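Secondary and tertiary structure notes
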Amino acid sequence: MNTDLLGQTPSLAAHARNGSPFHRKDDPNSLSRLAKSFEDHSAALGERFTKSESTISALGERLLDLERKDARRRSDDGEPEVTESLGTQIANAEGVKAMDSHFRGKATVKLSRKAITSATSTVGSGRSPATSLAPSERVPGIITPPEKRFLIRDLIASSETEASAIEFVQETGFTNNAAMVVEGTQKPYSDLTFDLKSVNVRTIAHLFKASRQILDDTPGLVGYIDNRGTYGLKLKEEQQFFFGDGSGQNILGLVPQAAAYDTTRTKTGQQDLDVLLNAISQSEEADLPASGIVLSVRDWRRLLGIKDLGGNYLSDGPFGATAPRIWDLPVYPTNAFSPGRFLVGAFNTGGAQIFDRMDVEVLVSTENQDDFERNMVTIRIEERVAFAVYRPGAFVGGMLPGAA
C-alpha cells in the first residue's frame, strides 16, 4: 500500500474516491474490507515505530555505559566521575542561580578538576598530556646543553697524514763560530746538533648504545647522537692538545711543553698587562713572532674592566666595541683555561702542527656483543690524530698575578 511523503497512510475517503480495488460499488462488503486493511496496516506501522524507538534507546544506554566504563578505567585518583557537561554544571551552580536582573557583585563557581579535563585526566600527577583538555606544546627537536667553543684548530695549522707516527728532526744546538778570516788561513768550524723526535697517532673514541626501536620511532636521533658524539671527541681533543701529559695514550700538549714564564721579568708594581707584555717578549726571543694570547673568559672580561686612576676604562668601556686584542696581538678567550692561566706563543707561525690520520668516523653496528639478540645497536664515533710541537720555546705559559 502506498504512503505519502510524511509516511502517513492515505485516508479511507481518499481510497474511496480513487476507486481502490478493496472497494467496489456493486459489493456491499468491500467498504468493511477496506477499513480492516487500513487498521492492520496502521497497527504494523505502529509496531515498527515502537521497535525502532526501543532499539535507539538501547543503543544510547550502551554508549553511555561504555563512556562511563572508559572514564573509570582511565581515572587513577579515586575522584567521583563527572557526568554533567561543563555548561550544565555552571548553569546549576548556586552562585549562577542567584543571579537575576537585580543581582549586584560577583558569583564564584567552583568546579572539580575533572570538570575541566578531558577523559578525567590532567597533565601532571601521573596523567597523560595527550588526554588533557589543554595539551602541552612539544618543542621540536632535543634541547642540547650549551657547547664550548673549540679554539685549538683555529690557532694551529693542520694537515693530513697516512702514517701511524710523525717523525721530525729538531735542532737542539747551534754553536756559531763564524768569524772574519785572513786569506789562506784555516776557517773555523761551527757545530750543529739534532734530535729525532717522534709523536704517535692517537685514537680518540667512544660508544653509544641504543635500541633499534627507539631509532626507528625517533627520526633524527642517529643524527643527534652523531652531533653529540662528535662534540665529545672535539672536547677531548681540545683538552689533549692543550693539557695532555703524554703518558700512556695521552697526547703531549702545548701547556706541558711551553716554556714557563720567567717571573724575574716582573718588576715591582707591574700588573697583569705588564706580565703579558713580558711573556710576549720572552716568546719572541725564540725567534718566532708571537701570534696570539690565550686566556680564560673570566680573565678577559676582568681585564676589560680595568680603570686608570681617574676612573676611566682602559678599554672602550661598557658601550664600546673593544676587539679582543692586547699589545696588538689577538686574544682568544676560552673556558678550557682556568682563571689566572695564560699562554702566549707562535700558534700559527710554525710553532706546532696538528696531523689528522682519520677524520671523525661514525659507524653503526648490530653485531657487537649480544646486540643482535637484544635488538640493540652500537654506535661508534672515533678519530685518529697526532700533535707535534716543533718549537716549545716559542710558547710561554704562566699565571696572572691579579687573578687571585
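1. What to know about the sheet that holds strand 4 (residues 202–211)
Within a sheet, each strand pairs with its neighbour through backbone hydrogen bonds, oriented either parallel or antiparallel. Taken in spatial order, the 4 strands make up an open sheet running 1-10-11-4, and their pairing is mixed. Of all the strands in the sheet, the pair left with one neighbour each is strand 1 (158–160) and strand 4. The sheet shows a mean angle of 25° between the axes of neighbouring strands, taken without regard to direction. Set on the sheet, helix 7 (residues 221–243) makes contact with strand 4, strand 10 (352–365) and strand 11 (376–389); between it and strand 11 the angle comes to about 25°.

2. Considerations on the pairing of strand 10
Where strand 1 lies against strand 10, 3 bridges are found, and the strand directions are parallel. In the sheet register, S159 faces strand 10, and the bridge partner there is F355.

3. Looking at the sheet that holds strand 12 (residues 395–399)
Read across the open sheet, the 6 strands follow the order 5-12-9-6-8-7; overall the sheet is mixed. The open sheet has two edge strands, strand 5 (259–260) and strand 7 (325–326), and neither has a second partner. Pairing between strand 5 and strand 12: 2 bridges, direction parallel. Within strand 12, the position partnered with A260 by the bridge is G397. Docked against the sheet, helix 9 (residues 272–284) engages strand 5, strand 6 (292–296), strand 7, strand 8 (329–334), strand 9 (341–345) and strand 12, running at close to 35° with respect to strand 9.

4. Let's talk about the layout of surface pockets
Any empty space left between atoms is shown by rolling a water-sized probe over those atoms. Looking at the second largest pocket, its volume works out to about 290 Å³. For the second largest pocket, the lining is made up of 17 residues, of which S198, V199, L252, Q257 and F387 are closest to its centre. Its residues placed into classes, the lining of the second largest pocket shows 9 nonpolar, 6 polar and 2 charged.

5. Observations concerning the environment of I214
By the secondary structure assignment, I214 is in helix 6 (residues 212–217). For I214 and M376, which are 162 residues apart along the polypeptide, the C-alpha to C-alpha distance reads 9.5 Å.

6. Some points on unusual backbone geometry
One non-glycine residue with positive phi stands out, namely D287, at about 70°. Within the secondary structure, D287 is located in the loop between helix 9 and strand 6. Positive phi outside glycine occurs at D328, with the angle close to 65°. By secondary structure assignment, the location of D328 is in the loop between strand 7 and strand 8.

7. So, the nonpolar core
Membership of the largest hydrophobic core comes to 33 residues, with the highest contact counts inside it found for I156, L254, L343, F387 and F395. Examining the composition of this core, we find that 6 residues originate from one element, strand 11, more than from any other. Not counting residues within four places of it along the chain, the set of residues in contact with I156 comprises L254, F347, A352, Q353, I354 and F387. Counting residues in each nonpolar core, the second largest holds 18 residues, with Y261, L304, V344 and L400 among its members.

8. Thoughts on the confidence of the model for the protein chain
Mean pLDDT over the protein chain works out to 77, with 72% of the residues at or above the 70 mark. A low-confidence stretch, residues 1–9 (pLDDT under 50), is modelled with 11 contacts involving residues beyond four sequence positions or located in other chains. Taken together, the stretch residues 115–127 has pLDDT below 50 and engages in 33 contacts with residues farther than four places along the chain or on a different chain.

9. Describing helix 10 (residues 297–304)
Residues of helix 10 that are buried include every one of D299, W300, L303 and L304, and no others. On an axial view of helix 10, the arc spanned by its buried residues comes to 140°, and they lie on one face. Of the exposed residues in helix 10, those oriented more than 90 degrees away from the buried face are R298 and R301. Turning to helix 10, the residues buried within the fold contact helix 9, strand 6, strand 7, strand 8 and strand 9.

10. Some words on the packing of aromatic side chains
All chains considered together, the criterion is met by 8 aromatic pairs. Ring centres 5.9 Å apart and planes at 45° place the aromatic pair F242 and F243 in the tilted group. Taking relative accessible area as the criterion, F242 reaches 0% and is therefore assigned buried. Overall, F243 belongs to the partly exposed group, its relative accessible area being 31%. By the ring-pair criterion, three or more aromatic residues cluster together here, those being F242, F243 and F337.

11. What to know about helix 9
An α-helical turn contains 3.6 residues, so any two residues separated by three or four positions project in the same direction. The first and last C-alpha atoms of helix 9 sit 19 Å apart over 13 residues, in line with the 18 Å expected at 1.5 Å per residue. Along helix 9, the residues classified as buried are D272, V275, L276, N278, A279, I280, Q282 and S283.

12. Focus: the pattern of salt bridges
Under the definition given, this model contains 15 salt bridges. Between K197 and D195 there is a salt bridge, with its nearest N and O atoms 3.4 Å apart. When its relative accessible area of 32% is taken as the criterion, D195 is described as partly exposed. Residues E285 and R265 are paired through a salt bridge, measuring 2.9 Å at the closest nitrogen-oxygen approach. You can see E285 sitting in the loop between helix 9 and strand 6 and its partner R265 sitting in the loop between strand 5 and helix 9, a full 20 residues away along the chain. The exposure class of R265 is partly exposed, given its relative accessible area of 22%. Each of R153, K234, E237, D356 and E383 takes part in one network of salt bridges that share partners.

Thresholds applied
Position labels on residues start from 1 in each chain and follow its written sequence. Totals for whole chains, interfaces and linings use every residue, but because this is a predicted model, local features are given only for residues with pLDDT of at least 70 and side-chain atom pairs only at 80 or more, for both listing and counting. Excluding hydrogens and water, the side-chain values take into account all heavy atoms of the structure. At least two DSSP bridges between two strands are required for those strands to pair. Counting from the N terminus, the helices are the DSSP runs of H or I reaching at least four residues and the strands are the DSSP runs of E reaching at least two. Fitted lines through C-alpha atoms give the axes, limited to the stretch in contact for helices. The angle between two N-to-C directions lies from 0 to 180 degrees. Working rule for contacts: check all heavy atoms of both residues, and any pair within 4.5 Å makes them a contact. The way it works is a 1 Å grid over only the protein atoms, where trapped points that fit a 1.4 Å probe form a cavity and open points with protein on both sides within 12 Å along at least five of seven lines form a pocket, and then any residue with an atom within 4 Å of a point lines it. Grid points are joined across faces, edges and corners, and a volume is the space filled by probe spheres set on the points. Charged means Asp, Glu, Lys or Arg here, nonpolar means Ala, Val, Leu, Ile, Met, Phe, Trp, Tyr, Cys or Pro, and polar covers whatever is left, Gly included. Buried Ala, Val, Leu, Ile, Met, Phe, Trp, Tyr and Cys residues form a nonpolar core when they are joined through side-chain atoms within 4.5 Å. Accessible area is worked out with a 1.4 Å probe on protein chains only. A residue is then buried under 20% of its type maximum, exposed over 50%, and partly exposed in between. Per residue, pLDDT captures the predictor's confidence, and it can take any value from 0 to 100. Arc definition: directions from the helix axis to the C-beta atoms. Classification of ring pairs rests on two measures: the distance between centres of Phe, Tyr or Trp rings, Trp counted by its six-membered ring, which must be within 6.5 Å, and the angle between planes, read as stacked under 30 degrees, edge-to-face over 60 and tilted in between. To estimate how far a helix should extend, the number of its residues minus one is multiplied by 1.5 Å. Here a salt bridge means any side-chain nitrogen of Lys or Arg lying within 4 Å of a carboxyl oxygen belonging to Asp or Glu.

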